[in-house]
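Structural characterization, general
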Amino acid sequence: MHSATLFGLLAAAVSVSARACSGAGEIKCPIVFDGRVKTTTQLTDFDSYATSQFNPDYVKGNDLKWSVIIKFPSTRANARFDGATHKPFEVTLNDQSVFQTQYGFRRAGLLFNGDTNEGSPGSAGVKTIHFSLKWDAQRALNLSHEYLLVWHEAGDYSANQFNFEAGAILGQPSLPEDTYKLLDRNNKQIWSTKILKNHWQNFAVTLDFNQNTLQVHYSKGDKPLKTVTGPVPNNNAGDGQYQMGMLKKPTGTDDVVNSGYQSSNLDEGLIYGSLFVEDSADGCVSR
Ligand SMILES: *[C@@H]1O[C@H](CO)[C@@H](O)[C@H](O)[C@H]1NC(C)=O
């Protein structure tokens, strides 16, 4: 009896401390879109509106289902705002990741359900998109290419208000390849940090649609986020949608959408967690 109780206490202590070292962040502001994936979620849940928090039909290879594109990685540590109730997910690219007839790109980008292209609550007021990223050495990205990882595309598809990227930015050889970087609407870098291969990296971008600014917050591992830029002027007009996942640009072309070089037998992926958009009216940002 005694030893059973002691064992129970030890087991409880172990699980509490295992949890305390990861996913310890608390969301303090109202959630607008929740892209955190519950621990109970099955891969096939991503294939229908009834069970996915994302659009099951876009933006992906025509013949691929999200249940094939997304993997659940075996990484033990949860991302900062995933707690014990949510889990990381990996977005992957392969040779079939061709959307419509965009043969230059390899794409797998998630859209939040409810993030309508016009009049979305995500494109008004002051909003912060949070996401944590973790490198997968088994499916490493090829940083000789340019990858969009999280972005917001204007409703008329003519521009992206911001691009959070990795790799070699086309036309900007002075920017290092091995960084995550935030580019503004004119593709000018606002902030960057080195890609870490063994730690979660937590990012948040505040978009002020009234003042037309962007502001970046960042932390490593399970540390609280710190604000790492001022509010930087940016044209946030034009509505549109957030997209989370990957858009890999080709090399060796001026027509990146339709042509250029992509290596074959592609098997690349990046691990996402802590994905959500919160309302940052009154300066609220979860840290
Ligand atoms: C990475 O991309 C470059 C440019 O397309 C290509 O030459 C190289 O073979 C690729 N490396 C791998 C490991 O696929």
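Look a little higher up for the structure.
Let me sum up the structure you'll find in this document. Just so you know, these numbers come straight off a predicted model, no measurement behind them. (Residues numbered from 1 in each chain as written. Predicted model: local features only at pLDDT ≥ 70, side-chain atom pairs only at ≥ 80, totals over all residues. Heavy atoms only, no water.)

On to the site of the ligand. Around the ligand, the structure places Asn 142, Ser 144, His 145, Thr 251, Tyr 261 and Ser 263. With respect to the ligand, the side chain of Asn 142 contributes an N or O atom lying 2.3 Å from an oxygen atom. Here an oxygen atom of the ligand and a side-chain polar atom of His 145 are 2.7 Å apart. Within the complex, 46% of the 350 Å² of free accessible area of the ligand lies under protein. When its residues are assigned to classes, the shell around the ligand shows one nonpolar, five polar and no charged. (Near = heavy atom within 4 Å. Polar contact = N/O pair within 3.5 Å; in protein donor to acceptor, adjacent residues only side chain to side chain. Areas by Shrake-Rupley, 256 points an atom, 1.4 Å probe, with all protein chains shown as cover. Nonpolar A, V, L, I, M, F, W, Y, C, P; charged D, E, K, R; others polar.)

For the rest of this paragraph, the subject is the pattern of salt bridges. One pass over the structure, following the stated rule, counts eight salt bridges. Here Arg 80 and Asp 222 are joined by a salt bridge, their closest N and O atoms 3.6 Å apart. Here Arg 80, found in the loop between β3 (70-71) and β4 (86-87), pairs with Asp 222, found in the loop between β13 (213-220) and β14 (226-227); they are 142 residues apart in sequence, far enough to count as distant. For Arg 80, a relative accessible area of 8% gives the class buried. The salt bridge involving Lys 248 is made with Glu 268; its shortest N-O contact spans 3.2 Å. Note that Lys 248 is positioned in strand β16 (residues 241-248) and Glu 268 in strand β17 (residues 267-279), a separation of 20 residues in sequence. Each member of the pair, Lys 248 together with Glu 268, is buried. Three or more residues joined by partner-sharing salt bridges are found here, namely Glu 90, Asp 136, Arg 139 and Asp 267. (Salt bridge = Lys/Arg side-chain N within 4 Å of Asp/Glu carboxyl O. Helix = DSSP H or I, 4+ residues; strand = E, 2+ residues; numbered from the N terminus. Buried < 20%, exposed > 50% of the residue type's maximum accessible area, 1.4 Å probe, protein only.)

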